[in-house]
Amino acid sequence: EKKLDILNLPALEDEAKKIIPTGGYGYIFGGSEDDWTLRQNTKAFEHAQIVPKALSDIESPDLSTNVFGLDLKTPVMMAPTAAQGLAHAKGEADTARGVAAVGGLMAQSTYSSTSIADTAAAGNGAPQFFQLYMSKDWSFNESLLDEAKKAGVKAIILTVDATVDGYREQDIINNFQFPIPMANLTKFSEGDGKGKGIGEIYASAAQKIGPDDVRRIAEYTDLPVIVKGIQSPEDALRAIGAGAAGIYVSNHGGRQLNGGPASFDVLESIAKAVNHQVPIIFDSGVRRGSHVFKALAAGADLVAFGRPVIYGLALGGAEGVQSVFEHIDHELEIIMQLAGTKTIEDVKHAPLLHINYAD
Ligand code: FNR
């Protein structure tokens, strides 16, 4: 447990590499194929620019926001990421504590090292979402949805971009198999994931997902269902038509379809098509306060990130997670002040420029 002295979030990756065992580190930092989409994710924020607003007469920007009926102190949230026990012995429980300390929102993964109830308890009343990897076994899906509801989770995130594992070269190089069990899979007939690779685990999940599956899940649970892995206006509208209460624009951090666009580059057109029918969560490549600002200005209501939080967890447990959020919030606050935006609502209405710089 320790507070981290952070210069910037990209620098955490090298620090974390020193302490996370090779296989686990490869699984966390890697993308798919030659990582092209992974690299574009962060670069794409250079495709939009923020308009400075000096004569705005504002001070002390306020990062708080209300989305899905939740009062949050920051628009930055923890993306659902699997097996956080790879990074730290206390895994998701410490992530939950760190996120709760900043008044933020955490999404738990189906493939968590810690159970839904234990992670929720560690959050001590702080809002959490639960991400579902749909299984072919509907009793399994239903039991997780029931458990999430019982644990006080506020929404379900249904991930639809992982019906097959991306071609993850790091995992192949390291012959990576999870050294720790996945707490939510212990009662699953195909095993708890320990000793398996992510491809094998996905293979026991659903290998095809369509609008009818979204509808079936939305009808089963009375929690809002947010569909994650949307990268086109068409898919966004299909999801809403099937009962989605939220759209989660993501390319899984460049871990699934390599060769697709950077997630930021598709955000504006999706937001335009969704046209405020439901809230939008955005992730993939966010590392800076300016990235958060640009994503909000391009149409996101919440902005998530994954890897930097896992690195913070590895380096400092709950306090490391807290430090990562405090750092990105600090950068965001500076950008908000200089852009003359007092509130997150102002940021959402801020203009973006699209100047094409040669470099
Ligand atoms: C993920 N992601 C993910 N997504 C999901 O829906 N369920 C999951 O279990 C996981 N697991 C997972 C593990 C690890 C190690 C990573 C890095 C990512 C994807 C995640 O929710 C999110 O989309 C990305 O992490 C966003 O990209 P950045 O912020 O890591 O660049």
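Every residue gets a number counted from 1 within its own chain, in the order that chain's sequence is written. Whole-chain, interface and lining totals are the exception, using all residues; otherwise, since this is a predicted model, local features are given only for residues with pLDDT of at least 70 and side-chain atom pairs are given and counted only at 80 or more.

A.B. asks: So what's going on with the overall build of the chain? Residues and values would help.
C.D. replies: In this text, helices come from DSSP runs of H or I with a minimum length of four residues, and strands from runs of E with a minimum of two, each type numbered from the N-terminal end. Within the chain one finds 14 helices and 12 strands. Computed over the C-alpha atoms, the radius of gyration of the chain is 19 Å, within 12% of the 21 Å expected from 2.2 N^0.38 for a compact globule of 359 residues. Principal-axis analysis of the C-alpha atoms gives the chain an extent of 60 × 45 × 40 Å. Partly exposed residues are those whose C-beta has more than 12 but fewer than 20 other C-beta atoms within 10 Å; 20 or more makes a residue buried and 12 or fewer makes it exposed, with C-beta atoms placed from the backbone. The burial tally for the chain puts 54% of its 359 residues in the buried class. Within the chain, contacts between residues separated by at least 24 positions form 73% of all contacts whose residues are at least 6 apart in sequence. The globule rule is 2.2 Å times the number of residues to the power 0.38, and the radius of gyration it is compared with is taken over C-alpha atoms. A pair of residues counts as a contact when their C-beta atoms, built from backbone coordinates, are within 7 Å of each other.

A.B. asks: Let's hear about the UniProt feature "active site" (unreviewed entry) in the chain: which residues, and what values?
C.D. replies: UniProt positions are given in the numbering used here, feature names are shortened, and annotations may be inferred rather than shown by experiment. Here, UniProt's "active site" (unreviewed entry) annotation points to His252. Among the structural elements, histidine 252 can be located in the loop between strand 9 (246-249) and helix 11 (263-274). With residues near it in sequence (within four places) discarded, histidine 252 still touches Asp161, Ala162 and Gly229.

A.B. asks: Explain the pairing of strand 6 (residues 128-132) to me, and be specific about the residues and the numbers.
C.D. replies: Burial runs high along strand 6: five of the five residues are buried. Burial along strand 6 is two-sided: the residues Gln128, Phe130 and Leu132 and Phe129 and Gln131 are all buried. With the strands aimed away from the viewer, a crossover counts as right-handed if its path from the first strand over the helix to the second runs clockwise. The handedness of the strand 5 (residues 106-108) to strand 6 crossover, carried by helix 5 (residues 116-123), is right-handed. When DSSP locates at least two bridges between a pair of strands, those strands are taken to pair. With four bridges joining them, strand 6 and strand 7 (residues 155-159) adopt parallel strand pairing. Bridge pairing links glutamine 131 to isoleucine 157 in strand 7. Following the chain from strand 6 across helix 6 (residues 138-150) to the adjacent parallel strand 7, one finds a crossover that is right-handed.

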